Amino acid sequence: MKDKLLERRDLILKGNLWKAIFILAVPVAINDFVRSMYNLIDTFFVSNIGSMEIAAITFVGPLNNIIRAISLGMSVAGTNLIAREIGRKDYNKAKNIAMQLFTVAVFIGIIITIVCFSFSKEILLAASATESIIDIANLYFRLTVLSSPFIFINSAYIAIKSANGDTLRSMNVNLVAMAIKIVLTYILIFKFNMGIKSLAISTIIGTMFTSCYAVYDVFIRKTVMKLSFKLLKLSKQVIIPLFLIGIPIIIEKSSVDFSFIVVNKYVISFGEKVLAGYGITNRINSLFFSAVAGFGTGLAPIISQNLGAGQEKRAKESIKKTYLMALVISCAVISIVLPFKYSLAGVFSNGDSAVLYHTVNAISVYSISVIPWAIFQVTSGIFQGTGHTKYNMFISIMRIYCFRLPLIIIFTKFTHMSEYSIWYGMLLSNILTGFFAMGLYYINCKNLRLIGDHYLQKECI
């Protein structure tokens, strides 16, 4: 019987491209949607506790996302390196890379947990946490950071499954994990009155479940890509390109989350109610933005495998089709969100009219930026697939430090727009980023090639 990995490889390299993009992108989009739901579930349940708690988890969110950004950087690099070897039918080398990815990910996750747990309050104070939320935020941050090792294991697992085109399995596991989180959070909040601690505890258990399945799936279940500790042999031929590709992604994602910490300083100057509305809007947007972000993530292994197999023309054709699909989906998403903005905001404002007011205003202004966001995400997927992640880093730095923060500072200091300074700064920065990303791709699209290949051509197993 033909292994499913080989079937997916044939689809990516020889089959219908529309089908390949759909099969890879949709589960990734749902998977991203599920991960975004983790944060939205927290917001929903914490809205039953109080607006200060919403403000606290909004404030901690970018710090937790920086940790996830590091894991995502390793995941993107792993997907790229593993996928190109699968494209070449070198499964032993692909498994060796996967084993090294797992090892590095676990090590980094443990180090981050120790550092952040030990210095949590100092980190929050450095991020300008106010006296009114510092104690709540510190409790939430210390507990959520305990899930970091599991987050890194899960990211390595997603990298391995994405590289061979099996995005459906990781999606199903995350759906189960989300269900576990919902049930646990409900029980701990409404039956045991554990408050904000319940959010962190349920997150730890949900991510732990995914990690347990990940270990079973890659180390025990019989597949072409079954791993073994016998395969573990750390080598610079893998570690160097892993970090060469991963570090720009880490800088890119971390800079985005750091910018949210900076933006929080401006938002909170308008009051905790505005910060709560801003946090709810971001978490609602993250759900719908993930619907288009999945197309970029799903495109990456298609590009890596086709370029690994020497099929540059097919890789370029997949890019055109993905751009089109992402734009159609993004337009459909915003046509759903805007008519129901009051209903969506009302679910999370828990009867607080001020929070509802600010949330609806924010959704009305900058949720439409999901359309340029789609262009940005597909372009990111292109550069992830080739390994040219330095361009992703460049785009994000431009987005944050040349577009978003300057616009917010100008609007805040030199206009009377009040909190609308934030909303329009977010909108315009995403629009400018979409145009910039598209331009950068067209400048570099003539010759697609895989970065770091000269390292991997050396013997590493």
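Scroll up to find the structure.
Please read all numbers here as calculations on a predicted model, not as lab measurements. (Residues numbered from 1 in each chain as written. Predicted model: local features only at pLDDT ≥ 70, side-chain atom pairs only at ≥ 80, totals over all residues. Heavy atoms only, no water.)

What should I look at first to understand the overall build of the protein in this one?
Scanning the protein from terminus to terminus reveals 18 helices and 0 strands. The C-alpha atoms of the protein give a radius of gyration of 21 Å, which matches the 23 Å a tight globule of 461 residues would have. Each principal axis of the C-alpha atoms in the protein carries an extent, and together these give about 60 × 45 × 35 Å. Residues classed as buried in the protein amount to 60% of the 461 residues present. Measuring between centres, the 43 positive side-chain charges of the protein sit 7 Å from its 22 negative side-chain charges. (Helix = DSSP H or I, 4+ residues; strand = E, 2+ residues; numbered from the N terminus. Rg over C-alpha atoms; globule rule 2.2 N^0.38 Å. Buried < 20%, exposed > 50% of the residue type's maximum accessible area, 1.4 Å probe, protein only. Lys, Arg positive; Asp, Glu negative; His and termini not counted. Charge placed at Lys NZ, Arg CZ, Asp CG, Glu CD.)

Just checking my understanding: could you explain the side chain of Ser396 for this structure?
Tracing the backbone shows Ser396 in helix α16 (residues 389–414). A relative accessible area of 0% means that Ser396 is categorised as buried. Residues contacting Ser396, with those up to four places away along its chain left out, are Glu252, Ser255, Val256 and Phe376. (Contact = heavy atoms within 4.5 Å.)

It is not clear to me how the packing of helix α7 (residues 148–163) against helix α8 (residues 167–191) should be interpreted in this structure. Could you clarify?
Helix-helix packing: each pair is described by the crossing angle between the helix axes and the interaxial distance. Here α7 crosses α8 at 145°, and the two axes come no closer than 7 Å. Facing Tyr157, Ile158, Lys161 and Ser162 of α7, the residues of α8 in contact are Thr167, Arg169, Ser170, Val173 and Asn174. Considered class by class, the residues forming the contact of α7 with α8 number 3 nonpolar, 4 polar and 2 charged. (Axes fitted to C-alpha atoms, helices over the stretch in contact; angles between N-to-C directions. Nonpolar A, V, L, I, M, F, W, Y, C, P; charged D, E, K, R; others polar.)

How should I be thinking about the pattern of salt bridges in this particular structure?
Under the defined criterion, the tally for this structure stands at 7 salt bridges. Here Arg169 ties to Asp217 by a salt bridge, and the two come within 4.0 Å at their closest N and O atoms. With Arg169 in helix α8 and Asp217 in helix α9 (residues 197–219), this pair connects stretches of sequence that are 48 residues apart. What makes Asp217 buried here is its relative accessible area of 1%. The residue Lys321 makes a salt bridge to Glu317 at a minimum N-O spacing of 2.6 Å. Within this pair, Lys321 and its partner Glu317 are both found in helix α12 (residues 312–337), separated by 4 residues, close to a single helical turn. The exposure class assigned to Lys321 is buried, which follows from its relative accessible area of 14%. Take Glu317: its relative accessible area is 33%, and that puts it in the partly exposed class. (Salt bridge = Lys/Arg side-chain N within 4 Å of Asp/Glu carboxyl O.)

How do you make sense of a nonpolar patch on the surface when you look at a structure like this?
Taken together, the side chains of Val183, Tyr186, Ile187, Phe190 and Phe192 define a hydrophobic patch exposed on the protein surface, amounting to about 470 Å² of accessible area. Along the chain, Ile187 falls in helix α8. (Patch = residues over 30% accessible without salt bridge, like charges linked within 9 Å, V, L, I, M, F, W, Y side chains within 5 Å. Areas by Shrake-Rupley, 256 points an atom, 1.4 Å probe, with all protein chains shown as cover.)

Looking at this structure, I do not really get the side chain of Thr144. What am I missing?
Relative to the assigned elements, Thr144 resides in helix α6 (residues 134–144). The buried category is assigned to Thr144, whose relative accessible area is 8%. A polar contact is formed between the side chain of Thr144 and the backbone oxygen of Tyr140, at a distance of 2.9 Å. When residues no more than four places from it in sequence are discounted, the contact partners of Thr144 are Asn64 and Ala200. (Polar contact = N/O pair within 3.5 Å; in protein donor to acceptor, adjacent residues only side chain to side chain.)

Structural measurements only, silent on function.
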